[in-house]
Structures are given as C-alpha cells and as structure tokens.
Amino acid sequence: MKGLLIISGLGILAMLAEIFKFKKLLLPLILLGIVAAYAFNFMEWRTGMSISYFDNMIAFDKPAIAFSGIIIATAFFWFILANDYFEDDSNLVDHFALVLFALVGALMLTAFKNMTTLFLGIEIMSIPLYVLAASKKKDFKSNEAGFKYLIMGSFASGFLLFGIALVYGATGSFDLMKIRMFITEHRDQLPAFFNVGVILMMAAMCFKVSAAPFHFWAPDVYEGSPTLITALMSTVVKTAAFAAFMRLFLVGFGAMNDLWAGALAMIIALSLIIANFSAAMQSSVKRMLAYSSISHAAFMLMVILANLRSNISVDAIIYYSLAYSVGSISAFGILYYVSKNGNENFDAFNGLGKRNPLLALCMTVAMLSLAGIPITAGFFAKYFVFTTMIGTPYKWLLILAILTSAVGVYYYLKVIIAMYFNKADSTNAVPVEKLGSLVIVLTTIITVLMGIAPGAIAGLFEF
Amino acid sequence: MIKLTALIPLFPLLGFLINGFFGKKMSKGLSGTIASVCILASFIVSAMVFVDLQSSTQKSHIINLFSWINSDTLTIPFAFLVDPLSAVFLLIITGIGFLIHVYSTGYMHDDEGFARFFTYLNLFVFFMLLLVLGNNYLIMFVGWEGVGLCSYLLIGFWFKNTAFNDAARKAFVMNRIGDLGFLLGIILIFVTFGSISFNEVFQKAGTVSTPVITSIALLLFIGAMGKSAQIPLYTWLPDAMAGPTPVSALIHAATMVTAGIYMVVRSNVFYSISEVASETVGVVGVATALFAATIGLFQNDIKKILAYSTVSQLGLMFLGLGVGAYSSAVFHVTTHAFFKALLFLGAGSVIHAMGGEQDIRKMGGLSGKIKITFITMLLGTIAISGIPPFSGFFSKDEILAHTYEHSKVLWLLGMIASMLTAFYMFRLLFLTFFGKFRGTHEQEHHLHESPSSMTVPLIVLAILSVIGGALGFPEFWHMPNWMAHHLDPIIVRKDPSMLSHETEWMLMGLAVAGALAMIWFTYQLFIKNRVLPAEKEAQLKPWQRLIYNKYYVDELYDAVIRKPLDFMSTVFHKFFDLQVIDGIVNGVGASVRMIGASVRYFQTGNIGFYVMSMSMGVVLIILLTFLIK
Amino acid sequence: MLNGISINMYLMLSTIIFIIGAIGVMARRNTIILFMCIELMLNAVNLLLVAFSTLHGDASGQVFVFFIMAVAAAEVAVGLAILSMIYRNVKSIDSDLLGNLKN
Amino acid sequence: MLTVLLVIFPLLAALLVFFTRGNTSRNIAFGFSLVEFVISLVALFQYKHNPASGLLDCNRVWVEALGIHFSLGIDGLSMLMVLLTGFLVPLIILTSFKSTYTNAHSFYGLILLMQMALMGVFVANDGFLFYVFWELALIPVYFICLMWGGENRGQITFKFFVYTLFGSLFMLIGLIYLYNHTNVEGLKSWAVQDLYNAGRSLAENQQSAVFWLIFIAFAIKMPVFPFHTWQPDTYVNAPTQGTMLLSGIMLKMGTFGLIKWLLPVVPLGLEKWGCTAIVLSVTGIIYASIIAISQKDFKRLIAYSSIAHVGLISAGIFSANQQGLQGAIMQMLAHGVNVVGLFFIADILMRHTGTREIDKLGGIRSMNGNFAVLFLIILLGSVALPLTNGFVGEFLLINGVYQYSAVIAAFAGLTVILGAVYMLRSYQKIMLGDRNDSNMAFGPLASSDKTVLIIICITVIAFGVYPKPLNDIAEQSAKQILMNLR
Amino acid sequence: MLGYTITQWLFGILSFMAIMFALMVVFTRNPVNSVLYLVLTFFCIAGHYLLLNAQFLAVVHIAVYAGAIMVLFLFVIMLMNLNQDAEPQKTVASKLISGIIGGLLLIVMVAALRGTQGSELVQTGASEIGLVKNLGKVLFHEYLFPFEIVSVLLLSALVGAIMIGKKEIK
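All of these numbers come straight from a predicted model, not from anything done at the bench.

(A) The arrangement of the interface of chain E and chain C in detail. Taken together, the contact between chain E and chain C spans 77 residues of the former and 68 residues of the latter. Of the roughly 6900 Å² buried at the junction of chain E and chain C (both faces included), carbon and sulfur atoms supply 78%. The tally of links from chain E across to chain C stands at 0 salt bridges. Our count for the chain E to chain C interface comes out at 4 residue pairs in polar contact (both at pLDDT 80 or more).

(B) Broad picture of a nonpolar patch on the surface. A surface patch of nonpolar side chains, about 580 Å² in accessible area, is lined by Tyr4(E), Trp9(E), Ile13(E), Phe16(E), Met17(E) and Met20(E). Considering the arrangement of structural elements, one finds Met17(E) in helix H1 (residues 6–27).

(C) Geometry of the interface of chain A and chain C. Contact with chain A, which involves 42 residues of that partner, is made by 42 residues of chain C. When chain A packs against chain C, the two sides together hide about 3600 Å² of surface, and 81% of this comes from carbon and sulfur. Sorting the residues of chain A by area buried against chain C places Phe140(A), Phe147(A) and Phe162(A) first, and these three jointly supply 19% of that buried surface. Joining chain A to chain C, the criterion identifies 0 salt bridges. Linking chain A to chain C there are 5 residue pairs in polar contact (both at pLDDT 80 or more). For the side of chain A that touches chain C, the element with the most residues is helix H6 (residues 140–171) of chain A, which contributes 22 residues.

(D) Highlighting the packing of helix H16 (residues 371–385) of chain B against helix H18 (residues 408–433) of chain B. All names here are of chain B. At a closest axis distance of 9 Å, the pairing of H16 and H18 adopts a crossing angle of 165°. Taken as axis vectors, H16 and H18 run roughly antiparallel relative to one another. Crossing hand, H16 versus H18: left-handed. Contacts between H16 and H18 involve Phe374, Met377, Leu378, Thr381, Ile382, Ile384 and Ser385 from the former and Thr421, Ala422, Met425, Phe426, Leu428, Leu429 and Phe433 from the latter. A breakdown of the residues in the contact of H16 with H18 according to their chemical character gives 11 nonpolar, 3 polar and no charged.

(E) Summary view of the pattern of salt bridges. The final tally for this structure, using the stated rule, is 28 salt bridges over all chains. Between Lys563(B) and Asp558(B) there is a salt bridge, with its nearest N and O atoms 3.1 Å apart. Take Lys563(B): its relative accessible area is 47%, and that puts it in the partly exposed class. Classification of Asp558(B) by relative accessible area gives partly exposed; the value is 23%. The shortest N-O distance in the salt bridge between Asp472(D) and Lys468(D) comes to 2.9 Å. Pair noted here: Asp472(D) and Lys468(D) are both in helix H19 (residues 468–485), with a separation of 4 residues, about one helical turn. For Lys468(D), a relative accessible area of 24% translates into the label partly exposed.

(F) Broad picture of the side chain of Ser321(A). All names here are of chain A. Positionally, Ser321 belongs in helix H13 (residues 313–338). Of note is the side chain of Ser321, whose polar atom sits 2.7 Å from the backbone oxygen of Ile317. The contacts of Ser321, once residues within four sequence positions are left out, are Phe67, Ile70, Thr239 and Met300.

(G) Spotlight on the pairing of strand E1 (residues 58–63) of chain D. Residue and element names in this part refer to chain D. Across 5 bridges, E1 lies against strand E2 (residues 68–72) in antiparallel orientation. Bridging across to E2, Val63 finds its partner in Ile68. In sequence, E1 turns back onto E2 through a hairpin of 4 residues, with Gly67 there showing a positive phi of about 65°.

What counts, and at which threshold
- Residues numbered from 1 in each chain as written.
- Chains lettered and ligands numbered in written order.
- Predicted model: local features only at pLDDT ≥ 70, side-chain atom pairs only at ≥ 80, totals over all residues.
- Heavy atoms only, no water.
- Contact = heavy atoms within 4.5 Å.
- Buried area = accessible area lost by both parts, 1.4 Å probe.
- Salt bridge = Lys/Arg side-chain N within 4 Å of Asp/Glu carboxyl O.
- Polar contact = N/O pair within 3.5 Å; in protein donor to acceptor, adjacent residues only side chain to side chain.
- Patch = residues over 30% accessible without salt bridge, like charges linked within 9 Å, V, L, I, M, F, W, Y side chains within 5 Å.
- Areas by Shrake-Rupley, 256 points an atom, 1.4 Å probe, with all protein chains shown as cover.
- Helix = DSSP H or I, 4+ residues; strand = E, 2+ residues; numbered from the N terminus.
- Axes fitted to C-alpha atoms, helices over the stretch in contact; angles between N-to-C directions.
- Parallel < 35°, antiparallel > 145°, perpendicular 65-115°, else oblique.
- Left-handed = near helix turned anticlockwise from the far one by under 90°.
- Nonpolar A, V, L, I, M, F, W, Y, C, P; charged D, E, K, R; others polar.
- Buried < 20%, exposed > 50% of the residue type's maximum accessible area, 1.4 Å probe, protein only.
- Pairing = 2+ DSSP bridges.

Written out as structure tokens, the structure is:
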C-alpha cells in the first residue's frame, strides 16, 4: 500500500519537476522513490499478514505483494532504460508522470478487492498508456496505435462494466469477498444474467491480457507505439492484468469455474494457434514480440485454468510473469538500441554477433528464455505450466502447447540466426549507453539465475 | 609339443607384422625370406604337433588362450582345438603355403608391391590357421572372414586396375552373403545349445529335434557355398583369377576355398543327423560340378579354365560330403590341393614365360621351351583326370564309389563331370604345349624356363600329386586307407562300404575308361586335326556361345540384384527420403507458414473489423457456455 | 408513487441500448461518432446499475455510476485530444484511414 | 564428488577458454580435455576397484519445492559412456589442429560446454537434471553448426534444432507425467528409481502413452527411421568437429536414454510397442544402407551408414535381452570411435583434395599408402570384421535380435552384406584405381592427423582382439538393466 | 389506463424514445445531428433515473453528459467543421455484417438473460437512497479510496490531454 502511495506521490512530484526546474534530478528521485516503494513492499512481505484498507477496497496479501514486487522491479529497470530515451524530448516530465500513474493503476490491479477498484485500476493504468502509445506526435503509426488502443480499450471496458453491472445486480454487491460468499451460499438460485456478467467480464479481461479473439489490438499497438512504451505494455501492464485476472476469477468467481473453464480453454487454444502462427510470419521483430506476448498470455491463462485443481500454480504464474517480464525487458531494451535507426525488422539484427557481441549474447539468452530452453528462466516457467496442466482434463491443450511452442522456437531462433549467421549489411557497431547495457546485462543474469536456481523464486511463495 | 600349437598361427602373424611395418625398408629378398621362413617354421611346428597327435591316444586337445567375448551364458574363449581333422589341414595349409611362398619369391620378383604381397600372404595363412584351429564356431568365423579379407586384398593386389578391384569387391561381398548365413547359423547354434564350442555342441546334438538341426546345417552350408564357390555363389571365383597366380594357387585352389568342406566335415554331426541337409549338399555339389565343368570346356584363359575346374572339383567334394563320404572328401581336398596348386603354379610359370599372356589361343608348342613346367603340368593333368595310379584317381574314385552306393543318378552326373574334367584339362594341356607357337615373336624369343625358386615347388608338388594317392587306398585292396582311419575319431556316422568288390572294380574301370576315352577324344581333336578354339565369339554355335558366356549368369545377377539395388537406392534417396519423408517434415514447416498467412489475414488493421470480431467472440463464448449445455 | 416495473424490462432496455452503441462502433467510420457510441454503451450500463441499486435498495450502485462518469469524461478528453492530433496530421478523422498497422 | 568434477571441470575449462584467443585457446582446450579424460580414467579405476566409495555419487537438493535433486551417479553403462566421451573429445579437438576456425576461442569453448552437457546426461540420476542436460547439449552444438557450418547451414541447423527440441518436449511431458505419479511417503520425487517405480505402477495404456512420449525424443535424436531426415543434411553441413560430436557422442545420448530412461520405466509399454520399435529400427537399417549405396558425397554416405548402425543398436536394445543390451552398449562404444574416424577421413580428403565427391576422387592409395591402410582399418571396423571393435557389438546385437525373432534378425543381418557393399565401393572409388585428374596430389599426412588416425586404428583393433575390459562392464550393466526390467 | 400504471406508461414511452434516439445517433449521417440525438437519449435516460428515484444522479447526469461532454463533442466537430453529410460511409456489406453481429449479440444476450426470475419488481420503498445526503455518506465512507484515486485518473487524463494537445516546442 505504501508503495502505491509513494508511486502516486512520485507522479505528482514529476509534474512539479517542470515547474521547479529540477528535471535533471527527476530520474534519480524517481529511482530512489521506486527503490523505497520496493523496500516497503518487501517489508509488508516480511510481516506476512495481508492488510486490507478502506473497508476492503484494496488489500495487499501475499500474491498482491509478489505481483507488485515484480511490477515495481520491472519499472525500475524500465526507468533506467528510459533515461536516454526522453532526454531530447521536451515532454520528459509528462512521460514520467504518465508512466508513474499507469504504475499506480497496475498496483491497484494487483491488490483490488472491489469491482470499483478493479475498474478504476484498469482505467488508471490504461488511459496514460493510450496517451503514451500516441506520444510520438508526428509519427502517424504512433497516433494510430494510441487511437486504436483507446477505442478498443473503451469498448472492452464497456463490456467489463456491463458485466460488473450484471454481477452487481445478481449479488447486490461490488465487494469481491461478498460476491464470493454470495456465490458459495446461493449457488443454485443465481439468476442467469449473473453468468452473462461473468462471461462479459472474462471477455474484457481477455482483452486486457490480449488473448484471442480479443487480441487484435495488441500487435498493432505494440508495433505502433514507441519501443520502450511497448516494453512497458508487455511487461508491467501484462503482469498487472494477469494479477487482476487471477484475483477476479480464482478469488471472485472461483466457485463458478465449471461455468467459464471450458470457454477459457477455447480461448487459450485459439490464442496459442493464432499467436504462434502469425508470429512465425512476421518480418518485424517488434511485431513478432507482440505476438509472442500473446502466446505467453495463453500460457499464463493455462495456469489459471489449471489452478482450479493444483495449488502450486499461484507461484507458477508469478514465476512465469517474472520470467517473462525480465526476458522481454531485456529483449525490448536490445531491440530499442538495435533499432535506433528506425529499422525494427529481423535484418536489423544481422551480424550483431560481430557488431556487438555483448548485446548479441544477451539477446540470445533472452530469446532462449522466451523459447523456454534450459537453463533459462523461461524453461522453468514453461515447466511449471506443464506440471500444473498435466493433472487437469485439458491434456489436449498441453499437446497443442507443445506443437505451437515448437513453432515458437522457430521465430525466436530467427533472431539468433540473424545475429550469428546473416552477414551484416552495415558493419558499424551498435552503441549502447552505459546504464542501458547495465540493465540488459542485469536482466540477462537474472534470467540465467532463475534458470539455475528457480528454488530461490519458486520456493518463496507459500500460500 | 601340442601345447605349442599357439605358435603355428603366431609365426605367420609375426611375418605379417614384420613385413607390414618394415617391408618397405627391407630388401625384397629379405622380406620374401622372412615370410617364407615364418611359414616354414609353422609348418615344422604343425608337423611336430601332427606327430604328437599320432602318437598320443587322446585325439582332441584344446588350447585355451584367453576369454574373448562373454555375455552371461554365452562364453566364447579364444581357444584352439587340435584333432586329426585340423591336423591334416594344418599340414596342407602350412606345407603348400610354404611352397607357394617360395614360388612367389620368384614369381613376384619384379613387382614393386613385393613386401605388401608377402604381408597379405602371411596374414592370409594366419587367418586360415585360425579357421582350422578354432575350438568354436566363432573363432572359425573369425578366420573365415579374415581369409575373406585377405582374398579381397590379394585379388585386388594390383589396385590400379579397376576390373581387378571390382573382382575383389565381388569376391568379398559374395563371401559376405555366405557369411551372414554362417553367422545366423552360429547364433542358432548358440540359441539351441547355449554354447558354440565344438565338443559341447556335438555332444548335445542328438538331443535336439531334427528340423532345428536341419536349419542349422543349412545355414552353415550357405556359408560354405559362399566360401567354396558353390551354386549360386560361385561366380566370384573365376573373377578372382585377377589376383597374382600364386594367390590363385594358394587361396583359390588349395586352401581357402576348401574351408567350406572343412566346416561341413567339422560339423558332420549335424549333416549325418539331417537327411535333408546332406541331400541338399550333395545335389548342390554335383550340380556345381557339372555346371562348372561344362563352362570350363570353352574357356580360353588358362587360369579361368583352372578356376572352373576348381569349382567343379569342389562340387565333387561336396557331393562326397552329401553322400556322407567325409573322409573321402578330405582326402580329395588333400590331393586336389596338391595337383591344383601344381597346375596353377605351372600355369603361372607358363604365364611368366609368355610375359603375362594368359590366352591359350596365343600359346602352343611350349613343351620344348619350358620342359620342367611341361612335365610337372602333365603329371598334374593326369592326376586331376583320375588316371591311376595318380593321386586324383584314388580320391575321386572313393567319392564316386560312395555316391554310387548312395544314389545312381548322382553317381552318373558326378561321373560325367569328372570325364569333362579330363577333357578340358587335356584341351588346356594340348593347346598350351603342343602344336606350334601362336604367339607374337618377341614373346617367342622371350620364352624361358622359370627360376629354380619357381620350378622346385613345381617338382615337389608334382611328386606329391603323383604319390598322394597313397594316403587313401581303397579298403578292398586290403591296404590301409590311412585317411579314413586318421579321421575316424571325428566322424560320427561311418558306413563301411557295402559294395561288392566286383562293383568297385567295375566303377573304377568305368571311371578310368571314361577318362581315357576323353583324353583320346581330345587328342584326336587338338593334336590330330589341330582344331583351334574360335578366335571370335561370333564363330561359335549358339549353344557353344551360351556356355562360352558362362550361361550369362553374371549378367543375370547383374540384372536381378545389382541393378535393382542401385535403382532402389536412387529411388529411396531421391524420392522416398527427400520427397516423401523429408517432404512431410518440411510440409509441417510449410503448413506453419500457410496457416500463419491465413491467420495473419484477419489482422486487417481496421478498427471496425476488430470490434466486430471481438463482439463475435463474445457471442461465441456465450453460446459455448450456455446454449450448448 | 411509482411501482411495478420488472427488472427484466430494465435489463432488456439497457441491453438494447448497449448493443445499439456496439453496432454504432462497428458500423461507423467517423471516429467522433465511435466515441459517442461508446458513451451510449456506458450510459446503458449506468442505467442498469441504477436500476439494480434501486432494486437492492443499495446506494453503491449509484456511486459506481459517478466513477463511470468520471472515467467517461477522462476517456473522452484523452480521446478527443488524440483525435485532434490525428486530424492535425492527416486532416481527417476517418477511422478506416487508421489501417496502416496490420498483419 | 568425482562425478561432479567430471561435469563441472569442462564447464570451468570452457569459461577459461572463452577468454583466450587463437591457437592458445585450441591448445588449452586440448589440454583440458586430456585432463578430463584422465579424470574419467580415475573414475573408471574407482568404479572397478571400490565402486562402493561415495566418490562416484553426489546428491544435493536443487529445487526443494519440486523435489528436484542435483544427483549424479555412475553405473556401468554411464561409466562406459563417460569413458567414451572423455576419450573422444580430445581426439575431436586434435582433429581440428590442421583446420583453422575464426573465433577459435568460442569454437573450443562450445566444444567443452558440449562435453559438460554430455557428461551430465550420462551421469544424471535425476529425471529433471537429465532433461536439463539433454537440452543443454543441444545449444552448443547448434551454435557450432550455425557459426562454422557449410553452405546453407542456416535452415538446416535450424531444422535440426527445432526437430530435436520438438521431440524432447514430448519427453518432458512424459517425464512430468511419471513425476506426478511418483509417491515417496507423500512427496513427489525426480529420482530415477522413483520414476521407475512410478512408471511400473501405471496401467498398460498409460505406459504406452509414456512410452511414445519418451521414445519420440530418443528416436529423433538417434535417429531412427522415419525420424532421420534431419540427420544427413546436418552431418554434411556441420563442421567436421561438430559432426563428430553429433555422431560420435550425441547420438549415443539417444541410445543411452533408451536403455536408462525408457526400458525400465515402462515394461508393459515395452511389451506392447517394443516390436513396433524394432521393426522401425530394422527398416531403418536396410533403408539407410540401401540409400548409402548411391551416395556421391562421402560424408553423406557415412551419415546414412550411421543411421543403419544406430538402427541395429536400437533394435538390440528393444529386444531387451542380455546379448541385445550388451551388444548395444559395445556397439555404442565401437560406433562412436569408428564414425569419428570415418568423418575425420572425410575431412582429411576434403583438406587434401578439396572435394568429398566419391566420383571425383581415386588413386589416392598410390599417392599415400599409409593413409590407405589406416582408412582400410577403420572401414573394416565399421563393417564389423572380426577382430575389429565393430564385430563384438554386432555379433551380440544380431544374436540378441535373433532371440527376439529370427526373421527380423535375418533382415537386420543384411547390414553385414550391405555395409560391405557401400563401404568397399566408396573405398575403391576413393582410394584405389587410378587418379581421376592427374594434377590431383595427396601429400603425406600431418603429424596430428596421423596421431589421431593411428590412435583410432589401435583402439579399433585392440578392442576387437581383447574387448574383455569393456565387455565385462557392459555385461554387468546389461545384467543390471535386465534386473530392473523384471 | 389499459391496465398499465402511469409508471409503466412513462417507462414505456421513455424507453421507446431512448431506443429511437439511440438508433438515430447511430444512423444519422451528419455528426452534429447525432450529437443532438445523443443529447436527447441522455435526457431520456435521465428520465429513467428520475423514475428510479435517483434524482441527484439524474441531475449530475444531465450536467456532466449533456452539459460538458456533449459540448466538448460539438466543439471538436465544429473545430474540424465536419458538419456536412458527405462524410465517407462504410460499405453496405460491412454495415450489414455489423448489424447482423449486433443482432446476434442481442439475441444471445437476451436469450441468456431470459432465465431470470422475471417478476422481480424494482423496489420503490427505500426512496431516499438516491438523495445527495445518502450518496455522500456512501461515497465518502465506503468509497473514499476510489474517490481519492479517481483524482489520479483525472490528473493523468489532464496531463495526457495537454501533452498530446500542446504544440511541439522547437
């Protein structure tokens, strides 16, 4: 909770920076603030009991803290990456403010206990992102991205709200716990429109985590937005959305799983197929990563699906989102440096093995991790998913997952092949700014560490 | 002394190693001497072993060297077995081997691969000794394949000549076909008896059902077919004449090709139990004998003729085995080793004299020029044609007698075969040594007798092939049939000849008469009215042409086996592998692209469409969850 | 003074309006109208919420409506800003022009 | 402890090598690999004399929550495999002395990494650990092929990578499935023995499922017909050392896996599907041998021949009897050595004459007799002539298969003939006859090349004449495996 | 009248008008007109609020939507002077499809909603819940946190709008 307050405070501070002229100081301050937030977060973790605030509007229990920990850490890395991105930009502070506000929304999503906070969290997270996506004013792609995101986002939240309304109508409350209780008590005399409500909310959440068939915005928006914003979307936003999804459907509607599990399975299957197969066709790395993020979403959804039976999968999904966030932060970071000249296609990576071996190595690790190959974090992530899935009746999904992830290997390898095999058209080295490379190396190391000693993370959470 | 048996193969191995590693650096004389001396040494040792064996009452001695392959119940020691049979073969191999080594020192003298030649030759002797010494089938198999290898190396000795290499390869592969049969036989033996060492197996042989024994015997016989060039695996032997003549003499006449006979005699237990098997052996044998003999009639290459005669003689031996005349077969092996080696070496000497010419149409009237060769070869020819009292007569007669007793038909065929032998051998003799010289001039005044290193072995062999018959006089002459007695311990089923003396005499008479008739006929043909073999194939009558072309068997095999194999290979590779299987694999990749493309198509970029599909998604989900159930 | 309107009526009504809004978003090209249609959808939701809150006699439904309004306002503000930016760049607000990012 | 050293040492060595440059890295790598070989010899000594000593085993917790242990151990089978790896890697490095590679340091580093992974695969006693090493082994060789391979290495190595990875994912599922059925006083466990028990506790149809899940992975790795199509291209395109690693050692991962991780796990599945597997393998033997006959490129020919050999091995394994298993183990060793030798010969030909086209070559024997002899010996080893190392294995294998079914054995035996056909044919065309183009020269061998070839030839003959030392171990481990099967 | 209470009459009429105007919003070509129709729809909905005893909400509704948001819309439209009918339309086909999909959605949802205990009447008893006092209590008591956090939302909207809107400073 303190973390959340600190971050929102930082947002305000950022806006003051313009006025009181301490732009230069801003980034260090923000980083400090984030570290502080993380520290508080961690303390709350140590104290262990889950405290709920404002009669149960929001409560930081262990999963919430874990997720927000991931989000804050990612944000930390993101800001370091971002430091040279905006330095020429006049709207530095606005950007930072918006990102911080978005973070506030994300943190709310990890901890909401009430439909209100869910809804507000989503909007607080999204609206700044609409703007950020469109933030390259002169770049029409960026405009389009922002606009698409906005329109479809609001459309989706329309469905979300309708769902909330129906659920409210059926249960007479917005409070997650009350709803859960109500469901468990009068399971049989629930009106039919309650189910509709649940389904509509699932659709909306699927939109947020960009699962097919609600994924259409993702590739376009990811491609159109500035690279770093894309990085933000694919890490922070996704993690938050998943935290929300999990909380909503496992805590809120967990008792109703027979209602939505089947549909979710279908959604997962569709996402796996669409994402991997179209990713295989992309020529732009950024877009490829967008599709890959969809397929990873499908994997995480699998955990939610499986969670109905097994218990270890809460840390499974946390581990997964951590692995994914770390991996894609470094991937996008590298992409950001490689595509400085505006070329975001695979051939931008040609001969990177020679031009900048360090970047190439890190990218390799990132790709292997995303592809789920030992000894990287991604492998254990996939492994957890498999272990959780194998007990469920959805074994066919497992097989599908394997088939598609073989396809996945295909497009991740394309990058590696480009780096080590293809001749570079321009032999000039890729300049990397110090802090940036620091982040990339750090994330790489974390990826490998998580692959070697997953216990360090996986063992952490006992719920 | 018997304990020293291990030395017998050791000496040739030693020679092999010495020549192999230092042959290039040594002078030809030295390396030749070393090689010959090694063989001589092992000949002496085997002679001593032989004597010991004679004197000792115990007839089979096992010398264990080390345990070779163990797999729990299957234990294969590297062990030797000395018993009358192996003793005989030891003597033949080392003895004739030694003579041929000596001969080769002269014959190969101008060849730059001199050392290499003796290396191979020693290696061959080593493996041959392993073959006959082995105490179990697998050691025998080791020697078996080893000699195959050496024959491969020696046939392709002049490795620059592609035809020779092809011949060598053919020999090896055909042998391998046989070897597979042999190997499976061995395995079956193991599976049946739980062991593969001779004594145990033969003791248990009685306890096993006949069909199994039959299959064992047949599988083994396949091996024999390959090695001893029986139908259908005989075609490699004539081609094998590509090798240097001493090789033909040693490997492809005296020793290696008789390995099949050795093996059958060794496992005579099986054959005497299984009627079917022994019948097969006999029939195949006689068929080969006739077939090869007929081919021999029209050959013009001096070595080819001898080769076919070898095939047919081997056929005769198998006939003998088939009718259960094991000792006679071994007897014939021995005598055949004498005179066939003699003939080959003689032929070699002729070729030597003719400066490499092998076509008998280009020879003639050599009798005057190269006397020793002529006389020795004459003796050899008489011996092989079965004229008493030469060695060939006795061995052949013994076989035929047993055959007669066994079945008249086989006897008749065998008879014909041996008469044909007489014909083509004398044809060879007459065309080569009589009449007037038909070669070129430089050949004519190049003619000269070979050096003593070559002639001495000829003489020795000639003597042997004259008196060799003494090893086995017919019983009814009331003289000791030494061979029969000697091999007595290892042969289970003995059927003392039931024939009355009259019949025996009659058979002998017939045989001799037939042979003489043939000789007379040949004499008429080639000496009196100087008929010469046709220069060109075109002049032959169709049936002659058929025979002249060896019944087109090679072509047949080519069409039935080699070409289809190559064809299949190409088809499998080009079509099946690259198109079908790999096609499927790549097809997966292609389908990925296809699906990708089609899925991609939905990403139109149009907001309206996106929204539509989202709503459609909602519709579907709701349908899925409610209206379905 | 008033009584007796079954909740189903309100359900139907708001559903209908909601879907009209949705159809509008699908069917129109003028981006401003897209926004308006979304507003329509939100209003349908509001109506439903109010109806339910009266049904349950619980004010929180109506409170929620305030938040929806706030959010709607915010969205519209941002949306129109982006829209005007787009208009500045391409002198048009035709949604079908926004189709460069695809496949 | 010793086992850990076996695994860790190459890793450290690799890291060290990455920081060197040029020839030094080559020499250092060679030195390290020799040390590793010595270590494996020490392990052998330990195994022979006091196997009970804890030196050979190691068991530390890796991931507590998931029951994953870092547990290594050496039994007879893995001992032999370790020995093979330890013996081959120095040779392989030595073969590269005459060919220069760009970024040598990463090249040799990767080779050592590869060795680490291979060692791990062979000594892992924990299902999960096994899988991890299994995947790890893929990465270095992938890069070796990708960065130093031939013409269109791009998509070929790619195909190889995806294909094998695809297979191993199935294996992962199979293993996890087993893992979920383990129950050691209430806890799940990855320990090999527990997995065995879990597998045996399954019903037949479950076992069949697991059988296929796991078999696919190994079948692709070995490769068994019809999963083999990645192999020839990969072998041809990879750099020689890569090919040697692939064919000499990595291939054995598959067969090793069959023996240790498939047979004992699903006895019922084996009963049900073993026959199918054998038929596939034997089909592979004949199919590959026939294809090999018409190959133009010598390297490709060897590739196909290796498919044939592996087919025989797996057939022997699935026949699941003493002779079959023991033969398989022996043949794994022999094939490892011989195939490395053959590929090296292909490499030498390439270096001296600039081509591997069988038809373009010829008459080399007249130019370099020693080379011809060495070549011949290795060739004889690979056609399994008695008194060469190839024979022991092949005899036992055919023997084992025969006990399973005489007919199948007869077909499997065709390898004896066909092998001779294509091998001798290629030998004749390459070495014998007269040279095709007169200007083709074939100088004397470099000393390093000669050393390698001679060492290989010595092993070929030595272990053909006196296989006992290895054979005893193989016999023991085969017995143990059978014990596990019952 | 006709067995319907006045309320029901009002409800019927308001609903009818609301739906009509909503349709007009979607189907009129001229943006300005559809804005106006939208305003009318809002009025109808406000009427519904009144009907439901949500007086305060009704007022706020008019104020915010009709007063603020719609004016904003109009403002933008005028800014871009789009008030002509000749604006590009979607093809008939796509309109048709969207209609169909909308129809499907309607059918499905209605079908799904049908199963409700139909005759459950909207309680009119606690008529004071819609009053400011009451709402205020709820809002500042239970919903304090959302209320506060909305400020962040509005703030970010503000910042965003400005950032997007303002000219690049060269």
